[in-house]
Each structure stands twice: as C-alpha cells, then as structure tokens.
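What follows is each chain in one-letter form.
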Amino acid sequence: MSAIVDRSSAFVRQVFKDFYRENANLISPPPKPEAREFGYWSFERGEMIRHLSFRSSEEVRSEVARVAPLHAYRSAAYYQYPSAPMEEKGWTAADLIFDIDADHLDVPCVSQHVYRVCIVHGLLEAGAKTCPRCGSVGREVEWVCDTCLGAAKAEAVRLVDILVEELGVGEEEVEVGFSGNRGYHIVAYSPDHLSLDQMARKDLVGYLTCVGLVPGLLGLPWRREGRGRPRLDLLPPPMLQQPGWRGRIVRRIYSILQRPDVVHGLAKYGDLAEDVRESWSTEPEWGVAPLGFWTTLIEEAIRQEALRIDPVVTTDIHRLLRLSGTLNGKTGLLARRVPLEMLDDFDPLTECVVLPRGRRVRVRIAYSPAFRLGGEEFDEVVEPRSTELPVYAAVYLISRGLATLET
Ligand SMILES: [Zn+2]
Ligand SMILES: [Zn+2]
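Report follows, based on the coordinates. (Residues numbered from 1 in each chain as written. Chains lettered and ligands numbered in written order. Predicted model: local features only at pLDDT ≥ 70, side-chain atom pairs only at ≥ 80, totals over all residues. Heavy atoms only, no water.)

## Observations concerning the coordination of the zinc ion (ligand 1)
- At 2.1 to 2.3 Å from the zinc ion (ligand 1) lie its protein donor atoms, namely Cys118 (SG), His121 (ND1), Cys131 (SG) and Cys134 (SG).
- Positions of the donor residues of the zinc ion (ligand 1), expressed as sequence spacing, correspond to C-x2-H-x9-C-x2-C. Within this pair, whereas histidine 121 is found in the loop between strand 7 (114–118) and strand 8 (122–123), its partner cysteine 131 is found in the loop between strand 8 and strand 9 (139–142), the two being separated by 10 residues in sequence.
- The exposure class assigned to cysteine 131 is buried, which follows from its relative accessible area of 4%. (Donors = N, O, S within 2.8 Å, 3.2 Å for Na, K, Ca; no water. Helix = DSSP H or I, 4+ residues; strand = E, 2+ residues; numbered from the N terminus. Buried < 20%, exposed > 50% of the residue type's maximum accessible area, 1.4 Å probe, protein only.)

Written out as structure tokens, the structure reads:
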C-alpha cells in the first residue's frame, strides 16, 4: 500500500518540479530577503528544514525551484544572522502578521468537512478511526468548500479595513495572500508596527478579538457594578460614523435591528426592535429602550464584530509564514498575493490553479465530495473507482489524501 502512496507522492513532486522550472518567477519573497529565515518541508525527508538564509530574492527563487519542496516558508522576523540557531539570530523586527483560517470562523459546514478515509476502501463511518475491512488507520481529511472560503475572504476584508481605518496601516503597506488551502494571510509592513514586541502584539490581538472590551467605558448602555443603572438619556448618542470600537458596535447594532428575529433573547421585547429601528432612522438615542434590550444587542454586536484571527500567529515574533508564489503541498494550489483592489472578486478555486490542465492522468479515487476547481465541476465519488483527471485536479485529490496515482 505504502508503495502506491509513495508513487503518488513522487508524481506530485515531479509535477511541482516541472512547475517551478517554468514558473520560478512567480515566487515572491518578502522585502529584505537577506534578513529573513527561510524553511521548507521536504518531500523526500518528510521533515522541516529551517534556518536557511539567502542574499537576494533571486537566490530564494532558484533554491525553491531546485528543491521543489512540499511547502516553503519565510520568517515574519528580520534577523542580523538569519541562519544562526534561534537564540543567536539577533532579532531586529518582525512584520505584523495575521492568519485567517476557515476552520475558525463558525461556518456551519466546517464540521462536515472533517472525515477519515481508507485510501483503499474509501470513506470511513463518522467516528471510526480504522477501516473495518483492512484494519488500517484512516487518514484524516480536512476539506474546504466555497462557503468556507467565502467566509475567510470576508474576514480578511474586514481585517484589512480595520488595519487601515483604525490602526494606521497604509493601504500600500498591507499584503493579502491566499494560503493555498483554507485561508488568508495578511501582512502589515508598516514601520510603526515592525518593532512591536510580543506583549504589544498581544494587546493588538485583544483589540481585534474584543477580549476585555468593557462597553460601559465606551459610553454604551451597560451594567455598572454597584453603581445603579446608568441614565440612558445622559449617554452620548449612538452615532453611526464614530471611529473605532464604539462606531463599529453601533453600526452592528443598527444592522442587527434590521433582522432582530435572529437574535436569541430579543423575542421577549416584542415589537420594540421595530420601534427602535424607526426612531433610530431619524434621531438615534438610547432612551427609547430599556437597558436589558441594549445589553443583549451589544453582546451580540461584539460577538459578531470580534475578528476570528489566530492569536498565536500574530503574537509569535519568530513565526514562519508561507512564502508567496509557492505551491501548497496540501492542495497543489498556488499560495499567492491578492492585490487589495482584486480581493472582492478573487476566487481562489480558479485563480490559484496553476498546475497543468491539458494533460490527464489516471487516478484511483477512494472518496471525493463534489467540488469545483479550475473552472470545472467534479462529481461526488462515493465508492472507490478509477478515473482520468486533469493533472491539477489529480494533484488536489492526491494531496488531500483522497486518491492515488493509478499504475
Ligand atoms: Zn481499508
Ligand atoms: Zn465549507
């Protein structure tokens, strides 16, 4: 069995090698490559090679093309001696980085995308770890669909807006990249943020994820410990255009008021939401509803406004990040930069398909959900079967652990 898997992996590696031979120019190292650590996951050795350094972007490109790795990475950090062991590198600064993964977005379909597959006998029953027919441990597959990818993109757009509108990052200093699998990486290269230490980055994460946010301090209607109820008519009125958190929460409340039925806890207020919506459209004020109504809304607004970023990535000042313009070994898709003005219309499942479309190979699919990729639709494969696929789709299924190369 493992010989077939090895052969499939060798096939993917050859496809990657051929790709890089023709397309090394797509590899897009970050600014100051000479101060970065690079690393890659090797096909043959099945391990991570770290602490590499190069003198120029050109050197990075030719090395990645020569090695044709499964995954390639670069540091967010800038070092004096990037190839030295970690404690001797001489950290000088780090890009401010964010990771948005479809997995962390509360999208309902995510739970349906994780299952185990026996590469010979197909999909295992939910909860089963081993294949009942051959006893082998099924490989865990993490699929991703259009809905997940759309949610990840929407979150990326939100984050970019906040970086630019609230945190003083210039639009030209923001880089958005599709990871090649389930999410987006956002890098801020603004000089003001490069030297932030771990604690400062932690504070930033708190701001973005609403940890420790006290609505009362923002002049919003909120319970006050031991000081009685706030006088709602004395609070600053809810203005939609206000900057920062306050404005964002007020705008979110306003949008929730358009669909109050979806918020658990508002039902007991009857038609009040409708009345508030009408009065807010002419003259917004807090006095038109009781405190409990507002706290329910504010809690929901904060829940919706909190960004779903991976806090560990942003606070890790030695983090390695996928190198732009390289192939993601879990999919064969290109991890690529997306210019801000193209983000709204960006479709990773067509624009990151870079492997050959014209050539077809025979694969044995153990199981596959229906999917769309590279402008083609592929049907669900419920029982294992052999079929021909264009190279890019074959690599996609092989890399996800759903198919093997047919011999
Ligand atoms: Zn089996
Ligand atoms: Zn999904």
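## Description of the packing of aromatic side chains
- All told, the structure shown has 19 aromatic pairs when counted by the stated rule.
- Aromatic pair phenylalanine 19 and tyrosine 20: ring centres 5.4 Å apart, planes at 70 degrees, arrangement edge-to-face.
- The class for phenylalanine 19 is buried, based on a relative accessible area of 6%.
- Take tyrosine 20: its relative accessible area is 0%, and that puts it in the buried class.
- Ring geometry for tyrosine 207 against tryptophan 245: centres 5.9 Å apart, planes inclined by 65 degrees, an arrangement best described as edge-to-face. With tyrosine 207 in helix 5 (residues 198–209) and tryptophan 245 in helix 6 (residues 244–258), this pair connects stretches of sequence that are 38 residues apart.
- When its relative accessible area of 25% is taken as the criterion, tyrosine 207 is described as partly exposed. (Phe/Tyr/Trp six-rings, centres within 6.5 Å; stacked < 30°, edge-to-face > 60°.)

## Concerning the coordination of the zinc ion (ligand 2)
- Coordination of the zinc ion (ligand 2) by the protein is provided by Cys109 (SG), His113 (NE2), Cys145 (SG) and Cys148 (SG), with metal-donor distances spanning 2.1 to 2.3 Å.
- Of note is the zinc ion (ligand 2), whose 4 donor atoms meet at the metal with angles of 103 to 122 degrees in an arrangement that counts as tetrahedral.
- Counting along the primary sequence, the residues that act as donors to the zinc ion (ligand 2) give the motif C-x3-H-x31-C-x2-C. Note that cysteine 109 is positioned in the loop between strand 6 (96–101) and strand 7 and cysteine 148 in helix 3 (residues 146–166), a separation of 39 residues in sequence.
- A relative accessible area of 12% means that cysteine 109 is categorised as buried. (Tetrahedral: all angles 85-135°; square planar, octahedral: opposite > 155°, others 65-115°.)

## Side note on the sheet that holds strand 10 (residues 174–178)
- Ordered in space as 6-11-10, the 3 strands form an open sheet in which the pairing is antiparallel. The two strands at the open ends of the sheet, each matched to only one other strand, are strand 6 and strand 10. Strand-to-strand twist of the sheet, defined as the mean angle between neighbouring strand axes without regard to direction, takes the value 15 degrees.
- Relative to strand 11 (residues 183–188), strand 10 runs antiparallel, the two being bridged by 5 bridges. Counted as the bridge partner of phenylalanine 178 is tyrosine 184 from strand 11.
- Strand contacts of helix 3: strand 6, strand 10 and strand 11, with the helix running at about 15 degrees to strand 11, the strand carrying the most contacts. (Pairing = 2+ DSSP bridges. Axes fitted to C-alpha atoms, helices over the stretch in contact; angles between N-to-C directions. Contact = heavy atoms within 4.5 Å.)

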